[in-house]
Amino acid sequence: MRTVEVLEAERKIATAEVEREFASLPETRDLTPEELAPHKAVRGWRILRETPSAKYALDVVLPGAFPYVLPQVWVNNPDPGLALRNAHVMRSGQLCLFPEGSSIAIDCPGSVAIKCLAEALDLLEAGDIEGYKSEFASHWSRYCDDGAGEVIIVDRPDQLVGPVSAVPGERLTAIGSERKSIEKWMLNRLPSKGELNDPRPCWASRFNEPISPIDYPSTLKDLIALLEARDLEGATWLKNHAISGTTPATLILIQDAEPGPALAALEIPPLNLGSHSGLAKGWRPGTAPPHVILGRGKSLVAGHPVQKQTVQRADHGWIHTRGGDGNDLSKKSVCVLGCGSLGGYVAHLLARSGFGRLTLVDNQALSFNNIGRHILGASDVDARKSNALARNIRAELPHLEINSVAADWRRWCVESPDNFHAHDLIVSTMGDWASEHALNSMTRRSQQMPPVIFSWLEPYALAGHAVLVGDAGGCLGCGLSVLGQHLSPVSGFDRKTLIQEPGGCEYYQQYGPASLMPVASMIASVAINATQSPVRKSQWSFWIGSRDLFTSTGARVTPAWQNHVEERGFGITGIHPWHKNSRCALCR
């Protein structure tokens, strides 16, 4: 059977089981094709039921993806006020039965359909006005006007109160506590945009609880009444805009809720009552009191629509709480030396972890032979890796400060010795002793140096290492030979591992992005931990790849690591102390 035939067969079997269950239900009939069409379903029934408070005609329908999605239950010809009284009923009449992502007993489709019907009746009888408050954003979005655009808040909601900054774009309006924060966000997100549009009037009102659909404003009159009841200063601002505003304005509603503020936005087209002849009759130009103009123009106010808009938060705290691990790294800064295949992924992981400021240093250009395992791609070929990487991260995470330096780090440091001191941590992914020797010396000879992580890959990315150098313990050189070779590698070979490029004099190590990703993740974790508490002792974090990778590359586990691998196996991470070496010129 073809794939589609398998799915069709399973749907027919599941539908037949539901038919058997519903055949014994009283006051139940099949939906006609005309009745089924609005639901965009493949099968359905109308079931008449009575609760202690009302009678309902319920349509239970099976979507095309059934039994892998739940049956839907709709109230046929619902009372228009039902959706205002019950948070589980949408304006269309469809009931929200279970939270998104709920598990489905796919092998028991008949029982699932009966459960959905029972749940619908329970929800209809119980009612739920409080659900509008706890699930405000979901309900507000259903009432938003088509084509009204979207609002992006780039600062924390608690920073927004009263008059705030708003800059409209083609598809969205950005809101911030001040224009500077909007400029940073928008120019990072859309660097080709250039000059921003002129700002528009904006006010942030704060409510002590979310409003319910019955209070959702549709006209300027509704909105003024809402603000007069909850924010008198906001009401005054709105009335003044109604009288003299000549451009659209935005109102942000920041409503206290658990577990965080419920946000809404409204766009207010200009009404400019002051320009309407007759509304200020009997008063000298510019002297008519606002209440006179509003009173005389009340019919215009009552018929003037406002547009409900969805709101997305793009501030640091929300992005890295909603999609992070809870660490607040917004005030932390890291300097990454080396933006090659390993450094590129490390930089992205550090940015997505929420480090507020990154400085990326690398003077090499990206070439086509890099893009197989680099996070950058063909569109950035010939660009300096540090510049392209910074540009990429700024566009994807515009709330962060990402700087780039397309120069050798030593020249950059000589030009401004404070460059390192302005960071909380330095991460080197250069893996080159000639480049890192001087950096290692600075960790021991400069009192102002922040902690440094030295990281590198073994051949074929069979293993990876990250040495965090602290005040106590060894420096990088304590674990390396005079030629900069690691004294305790995990992998060993009976042949050379560098491969010569055809017809050229350059050599490279062969490994793919999947092999280096565990190492990049380990380095990022070490960096996060190093900025959360003072670094006192040097430590050595390591990753050992899979047995299959060792076998396929002809590698062996070196004697120094054989017992460790026998006890803990392959594909693991670990941490060891990084001790001083009495033969190290810096630490003896």
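Structure: see above.
Residues numbered from 1 in each chain as written. Predicted model: local features only at pLDDT ≥ 70, side-chain atom pairs only at ≥ 80, totals over all residues. Heavy atoms only, no water.

Caption draft 1: Summary view of the overall build of the protein chain. If you tally the helices and strands in the protein chain, you get 20 helices and 24 strands. Relative to the compact-globule value of 25 Å for 588 residues, the protein chain shows a C-alpha radius of gyration of 32 Å, a clear excess of over 25%. Across its three principal directions, the C-alpha atoms of the protein chain cover 90 × 80 × 45 Å. Across the 588 residues of the protein chain, 47% fall into the buried class. Considering only residue pairs separated by 6 or more positions, the protein chain has 65% of its internal contacts joining residues 24 or more positions apart. Just so you have it, the protein chain exposes about 29400 Å², and 50% of that area is on carbon and sulfur atoms. Charged side chains of the protein chain number 57 positive and 62 negative; the gap between the two group centres comes to 5 Å. (Helix = DSSP H or I, 4+ residues; strand = E, 2+ residues; numbered from the N terminus. Rg over C-alpha atoms; globule rule 2.2 N^0.38 Å. Buried < 20%, exposed > 50% of the residue type's maximum accessible area, 1.4 Å probe, protein only. Contact = heavy atoms within 4.5 Å. Areas by Shrake-Rupley, 256 points an atom, 1.4 Å probe, with all protein chains shown as cover. Lys, Arg positive; Asp, Glu negative; His and termini not counted. Charge placed at Lys NZ, Arg CZ, Asp CG, Glu CD.)

Caption draft 2: Spatial organisation of helix H20 (residues 559–568). The complete set of buried residues in H20 reads Trp561, His564 and Val565. An end-on view of H20 places all buried positions within 100° of arc, on one side of the element. More than 90 degrees from the buried face of H20, the exposed residues found are Pro559, Asn563, Glu566 and Glu567. Looking at the buried positions of H20, the neighbouring elements they touch are strand E22 (539–544), strand E23 (556–557) and strand E24 (572–577). Within two residues after H20, Gly569 carries a phi angle of roughly 85°, on the positive side. (Arc of directions from axis to C-beta.)

Caption draft 3: Main features of the packing of helix H1 (residues 3–23) against helix H4 (residues 109–126). Running from N to C, H1 and H4 point in directions that differ by 55°, and their axes come no closer than 7 Å. Our classification of the angle between H1 and H4 gives oblique. Where H1 crosses over H4, the two elements pack in a sense that is right-handed. Along its contact with H1, which presents Ala14, Glu17, Val18, Glu21 and Phe22, the element H4 presents Pro109, Gly110, Ala113 and Ile114. Split by residue class, the contact of H1 with H4 holds six nonpolar, one polar and two charged. (Axes fitted to C-alpha atoms, helices over the stretch in contact; angles between N-to-C directions. Parallel < 35°, antiparallel > 145°, perpendicular 65-115°, else oblique. Left-handed = near helix turned anticlockwise from the far one by under 90°. Nonpolar A, V, L, I, M, F, W, Y, C, P; charged D, E, K, R; others polar.)

Caption draft 4: Seen up close, helix H14 (residues 385–396). Under the 1.5 Å per step criterion, the end-to-end length of H14 is 16 Å for 12 residues, consistent within 8% with the ideal 16 Å. Within H14, burial applies to Lys385, Ser386, Ala388, Leu389, Ala390, Ile393 and Ala395. (Expected span 1.5 Å × (residues − 1).)

Caption draft 5: Representation of the pairing of strand E16 (residues 425–428) within the structure. Where burial is concerned, the two faces of E16 agree: the one with Leu425 and Val427 and the one with Ile426 and Ser428 are both buried. Pairing of strand E13 (residues 333–337) with E16, which is carried by four bridges, proceeds in the parallel orientation. Counted as the bridge partner of Leu337 is Ser428 from E16. Sheet topology places E16 next to strand E17 (residues 452–457); three bridges connect them, and they run parallel. If you follow Val427 over to E17, its bridge partner there is Ile453. Following the backbone out of E16, through helix H17 (residues 433–445) and into the adjacent parallel E17, one traces a crossover that is right-handed. (Pairing = 2+ DSSP bridges. Right-handed = clockwise from strand over helix to strand, strands pointing away.)

Caption draft 6: Local environment of the sheet that holds strand E2 (residues 43–50). In space, the four strands of this open sheet follow the order E1-E2-E3-E4, with antiparallel pairing throughout. If you trace the sheet from one side to the other, it starts and ends with strand E1 (28–30) and strand E4 (72–75), each paired once. Each adjacent strand pair in this sheet contributes to an overall mean axis angle of 25°, direction not counted. Note: strand E3 (residues 55–62) against E4, four bridges, orientation antiparallel. Pairing of Val60 across the sheet is with Val73, part of E4. The sheet strands contacting H1 are E1, E2 and E3, and the helix crosses E2 at an angle near 25°. Contacting E2, E3 and E4, H4 runs over the sheet at an angle of about 145° to E3.

Caption draft 7: Highlighting unusual backbone geometry. The peptide bond linking Phe66 to Pro67 adopts the cis configuration, its omega dihedral lying at 10°. Secondary-structure assignment places Pro67 in the loop between E3 and E4. Between Glu258 and Pro259 the backbone carries a cis peptide bond, its omega angle lying at 5°. The backbone of Asp382 shows a phi angle near 80°, a positive value even though the residue is not glycine. Overall, the relative accessible area of 66% leaves Asp382 in the exposed class.

Caption draft 8: Seen up close, the nonpolar core. Leu350 and Leu360 are the most contacted members of the largest nonpolar core, which totals 42 residues. Among the elements of the structure, E13, helix H13 (341–353), strand E14 (357–361), H14, E16, strand E18 (463–469) and helix H18 (513–532) are those that each provide at least two residues to this core. Looking at this core element by element, the count peaks at 10 residues for H18. When near neighbours in sequence (up to four residues on either side) are disregarded, Leu360 contacts Val336, Cys339, Ala347, Ser386, Leu389, Ala390, Ile393, Ile402, Asn403, Ser404 and Val405. Counting residues in hydrophobic clusters, the runner-up holds 39 residues, among them Phe420, Leu476, Val490 and Val557. (Core = buried A, V, L, I, M, F, W, Y, C linked by side-chain atoms within 4.5 Å.)

Caption draft 9: Representation of the pattern of salt bridges within the structure. For the structure on display, the rule yields 16 salt bridges. Taking the shortest distance from any N to any O, the salt bridge between Arg11 and Glu8 comes out at 2.6 Å. Separated by three residues within a single helix, Arg11 and Glu8 lie in helix H1, roughly one turn from each other. Glu8 sits in the partly exposed class, given a relative accessible area of 29%. (Salt bridge = Lys/Arg side-chain N within 4 Å of Asp/Glu carboxyl O.)

Caption draft 10: Inspection of the pairing of strand E5 (residues 150–153) at higher detail. Here four bridges tie E5 to strand E8 (residues 172–176), and the two strands are oriented parallel to one another. Residue pairing for E8: Ile153 is matched across the bridge by Ile175. Inspection of the sheet shows E5 paired to strand E12 (residues 307–313) by four bridges, in the parallel sense. Each bridged residue has a counterpart across the sheet, and for Val151 the counterpart in E12 is Val311.

Caption draft 11: Looking closely at the packing of aromatic side chains. Counting across every chain of the model gives 14 aromatic pairs. In textbook terms, an aromatic cluster arises when at least three aromatic residues are bridged by ring pairs, as seen for Phe136, Trp140, Tyr143 and Tyr216. Against the face of Tyr143 rests Arg91, its NZ or CZ located 4.1 Å from the ring centre. Between Arg373 and the ring centre of Tyr511, over which it is positioned, the NZ or CZ distance is 3.8 Å. (Phe/Tyr/Trp six-rings, centres within 6.5 Å; stacked < 30°, edge-to-face > 60°. Lys NZ or Arg CZ within 6 Å of the ring centre and 35° of its normal.)

Caption draft 12: Molecular detail of the side chain of Glu458. Secondary-structure assignment places Glu458 in the loop between E17 and E18. Of the side chains with opposite charge, Arg556 comes closest to the buried, unpaired Glu458, at an N-O distance of 11 Å. Beyond its immediate sequence surroundings of up to four residues, Glu458 is in contact with Ala463, His465, His486, Pro489, Val490 and Ser491.

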